[in-house]
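Each chain, written out:
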Amino acid sequence: MNGKKAVNSLLLILTALIWGVAFVAQSVGMDYVGPFTFNAVRSLIGGIVLIPCIFLLDRVGKKEGGTEEKLKEDRRMLVTGGICCGVCLALASSLQQIGIGYTTVGKAGFITALYMIIVPVIGLFMGKKAPVMVWVSVVLGVIGMYLLCITGDFSVGRGDLLVMMGSVCFAVHILVIDYFSPHVSGVKMSCIQFFTCGILCGIPMMLTENPSLPAIISAWAPILYAGVLSCGVAYTLQIVAQKEVSPTAASLMLSLESVFSVLAGWVLLGQQLSARELLGCLLMFAGIILVQLPQKPRQARKVAER
């Protein structure tokens, strides 16, 4: 693995860590505001946070070059990518947030993390074949996630179906980022993504919920964490880091958010981990390490040719 890819892999794991702790913020925030209000406000905060970052990067970065036609094409791709990502994120986060209200957090975490297997499956239909070792890592990840999150009988209810639909949207979100991120500014696309998501979530917020400023202020801590760190920082890191990492490998690393959520509960809330949960964590980390191992030269050439 080259140095740049290693750094990007670490950034994706950092993203998963931030998202894992964000499960606590999402849960607490729902005590004060509805799911659409929470997602709309945190997304808009995430977009606002990135505006000064974009300004600073433009000041210290090089000026754009190329013909006027090329600049227009680049801007068109940036806006298109940001809107597409925002639509996927609005659907995914809303379905997940609503589904959590009808199922357990453990089951929601497990079902959401199934995007690790949905991504390579969708990739097959797009003509992107993953190496055998990647599929082995995916299987390890799914088994580990099951041991970690599912402690009782597994049954499928309305909340589970909603979270599963959200997981499919998260998988599409990862693939959309994989398509656009090599061609545009990651920070700018992330900013457009959040404003798009915030506006889309704001429509059902006004139609189905009764948002109030006092309620939003009461939830200031979880909303700020979700807006600044989970949105502004983590989702931007995801877009930037995916430029050098395959979608399947990225989905595996991002699925560590469920592992980190359990560990955060252990460290921050004093929740105990059983032997079963510890084994699940170990299998998850084993899958992540396995997918990072260098491929054989012949395999690497085949993947590169595709």
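Residues numbered from 1 in each chain as written. Predicted model: local features only at pLDDT ≥ 70, side-chain atom pairs only at ≥ 80, totals over all residues. Heavy atoms only, no water.

Draft legend 1. Fine view of the packing of aromatic side chains. Considering all chains together, one arrives at three aromatic pairs under this definition. Both rings, one in Trp-19 and one in Tyr-235, keep their centres 4.7 Å apart while their planes meet at 50 degrees; by these two values the pair is tilted. With a gap of 216 residues between them, Trp-19 in helix H1 (residues 3-29) and Tyr-235 in helix H10 (residues 220-241) connect regions that are remote in the sequence. The burial state of Trp-19 is the same as that of Tyr-235; both residues are buried. Ring centres 5.9 Å apart and planes at 70 degrees place the aromatic pair Phe-194 and Tyr-235 in the edge-to-face group. Separated by 41 residues along the polypeptide, Phe-194 in helix H8 (residues 186-208) and Tyr-235 in helix H10 bring together distant segments of the chain. Of the two residues, Phe-194 and Tyr-235, both sit in the buried class. Within the aromatic cluster, the residues linked to one another by ring pairs are Trp-19, Phe-194 and Tyr-235. (Phe/Tyr/Trp six-rings, centres within 6.5 Å; stacked < 30°, edge-to-face > 60°. Helix = DSSP H or I, 4+ residues; strand = E, 2+ residues; numbered from the N terminus. Buried < 20%, exposed > 50% of the residue type's maximum accessible area, 1.4 Å probe, protein only.)

Draft legend 2. Molecular detail of the pattern of salt bridges. Scanning the model with the defined rule gives one salt bridge in all. Across the salt bridge formed by Arg-76 and Glu-73, the nearest N and O atoms sit 2.5 Å from each other. With Arg-76 and Glu-73 both in helix H3 (residues 68-100), this residue pair falls three residues apart, about one helical turn. With relative accessibility at 40%, the residue Glu-73 sits in the partly exposed group. (Salt bridge = Lys/Arg side-chain N within 4 Å of Asp/Glu carboxyl O.)

Draft legend 3. Spotlight on empty space enclosed by the protein. A full pass over the atoms with the stated rule returns two cavities of 30 Å³ or more. Elements supplying a minimum of two residues to the lining of the largest cavity: H1 and H10. In terms of residues, the lining of the largest cavity owes the most to one element, H1, which gives four residues. Partitioned by chemical class, the residues of the lining of the largest cavity number six nonpolar, four polar and two charged. Roughly 40 Å³ of volume is contained in the second largest cavity. Along its surface, the second largest cavity is lined by Trp-19, Tyr-115, Phe-170, His-173, Ile-174, Tyr-235, Gln-238 and Leu-254. Of all the secondary structure elements, the ones that give two or more residues to the lining of the second largest cavity are helix H7 (158-180) and H10. (1 Å grid on protein atoms, 1.4 Å probe; cavity = no way out; pocket = protein on both sides within 12 Å on 5 of 7 lines; lining within 4 Å. Points joined across faces, edges and corners; volume = space filled by probe spheres on them. Nonpolar A, V, L, I, M, F, W, Y, C, P; charged D, E, K, R; others polar.)

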